[in-house]
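# Structural characterization, general
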Amino acid sequence: MTARRARRVWLALGSNLGDREAHLRAAVAGLRAGGVEVDRISSLYETPPWGVTQQPAFLNAAVSGLTTLDGRDLLILAKRLEADAGRDFRAPRWTARPLDVDIALIEGETVDLVDLVVPHALLGQRSFVLVPLAEVAGEAIHPRTGLRIASMRDLRPAAERAEVVRVRGPEWAEG
């Protein structure tokens, strides 16, 4: 049996219920405990809800790290962290939740499964993901578009990007 090679992964984090910042800090700690060597953390941003707009504002961030977890195991970890935060998986899509952990990119990999698409299928449409993600993955290339993440961010409408408001630097994750 051969050991898996560590690859860089980029994850998007969001929360709009309860102690939003504490949920995001717990997610970073949970990723580290679960096998992701998180080495870059974006600033913290407050953003309007997307999809279902009649709900509280989100706090969003992005992280980057190395892991030997494959896409499926990373998804299992993300779902466990969401469950630990109290997420109701029966709630309608895009409604309020204490924690959302999305796999944005996996170095050198695309995944097309029913329950997992990497790069995230809606990545290019979401300034609330692209703005923090560009801090930790600006030079990373989206394998389907061939664009740098920073370029994808810059292609979003200026008014939409302006709604992604930086509230703290990366030190938020330290507590």
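Refer to the structure presented above.
First, a word on scope: everything that follows refers to the structure included in this document. (Residues numbered from 1 in each chain as written. Predicted model: local features only at pLDDT ≥ 70, side-chain atom pairs only at ≥ 80, totals over all residues. Heavy atoms only, no water.)

## Here we look at the overall build of the chain
Keep this limit in mind: By the criteria applied, helices consist of DSSP H or I runs no shorter than four residues and strands consist of E runs no shorter than two, each listed in order from the N terminus. Radius of gyration means the value over C-alpha atoms here, while the globule rule gives 2.2 Å times the residue count to the 0.38 power. When accessible area is computed with a 1.4 Å probe and restricted to protein chains, residues below 20% of their type maximum are described as buried, those above 50% as exposed, and intermediate ones as partly exposed.
Helix and strand counts for the chain stand at 5 helices and 8 strands. What you see in the chain, going N to C, is helices and strands ordered as β-α-β-β-β-α-β-β-β-α-α-α-β. A compact globule built from 175 residues should have a C-alpha radius of gyration of about 16 Å, and the chain, at 15 Å, falls within 12% of that. The principal-axis extent of the C-alpha atoms belonging to the chain is close to 50 × 35 × 35 Å. Out of the 175 residues belonging to the chain, those deemed buried represent 47%.

## As for the packing of aromatic side chains
Using the following cut-off: The pairing test for Phe, Tyr and Trp rings, Trp by its six-membered ring, is centres within 6.5 Å, and the orientation test on the planes gives stacked under 30 degrees, edge-to-face over 60, and tilted for anything in between.
Within this structure, the stated rule accounts for 1 aromatic pair. Judged by centre distance (6.3 Å) and plane angle (55°), the ring pair of Trp 50 and Phe 128 falls under tilted. Of this pair, Trp 50 sits in the loop between β3 (44-47) and β4 (58-67) while Phe 128 sits in helix α3 (residues 127-137), and the two are 78 residues apart along the sequence. Judged by its relative accessible area of 27%, Trp 50 falls in the partly exposed class. A relative accessible area of 16% means that Phe 128 is categorised as buried.

## Quick word on empty space enclosed by the protein
Stated precisely, the cut-off is as follows: Cavity and pocket criteria rest on a 1 Å grid covering protein atoms alone: a 1.4 Å probe that fits but cannot get out defines a cavity, protein on both sides within 12 Å along at least 5 of 7 lines defines an open pocket, and an atom within 4 Å of a point defines a lining residue. Grid points are joined across faces, edges and corners, and a volume is the space filled by probe spheres set on the points. Gly falls in the polar group here, along with every residue not listed as nonpolar (Ala, Val, Leu, Ile, Met, Phe, Trp, Tyr, Cys, Pro) or charged (Asp, Glu, Lys, Arg).
Here the structure, examined in full by the defined rule, presents 1 cavity of 30 Å³ or more. The wall of the largest cavity is formed by Ala 12, Asp 102, Ala 104, His 120, Leu 123, Arg 126 and Val 129. Tallied by class, the residues present in the lining of the largest cavity amount to 4 nonpolar, 1 polar and 2 charged.

## Focus on the nonpolar core
To keep it simple, the criterion reads: Working definition of a nonpolar core: buried Ala, Val, Leu, Ile, Met, Phe, Trp, Tyr and Cys residues. They are joined through side-chain atoms within 4.5 Å. Contacts between residues were defined by any pair of non-hydrogen atoms, one from each residue, lying within 4.5 Å.
Judged by nonpolar contacts, the single largest core of 29 residues is most densely connected at Leu 31 and Leu 74. Looking at this core, the elements that each hand over two or more residues are β1 (7-15), α1 (20-33), β2 (36-41), β4, α2 (71-84) and β5 (100-106). If we skip the residues at most four places from it in the chain, Leu 31 touches Leu 11, Leu 13, Val 36, Val 38, Val 63, Leu 77 and Leu 81. The next biggest cluster of nonpolar side chains, apart from the first, holds 19 residues, and it includes Leu 123, Leu 133, Ala 134 and Val 136.

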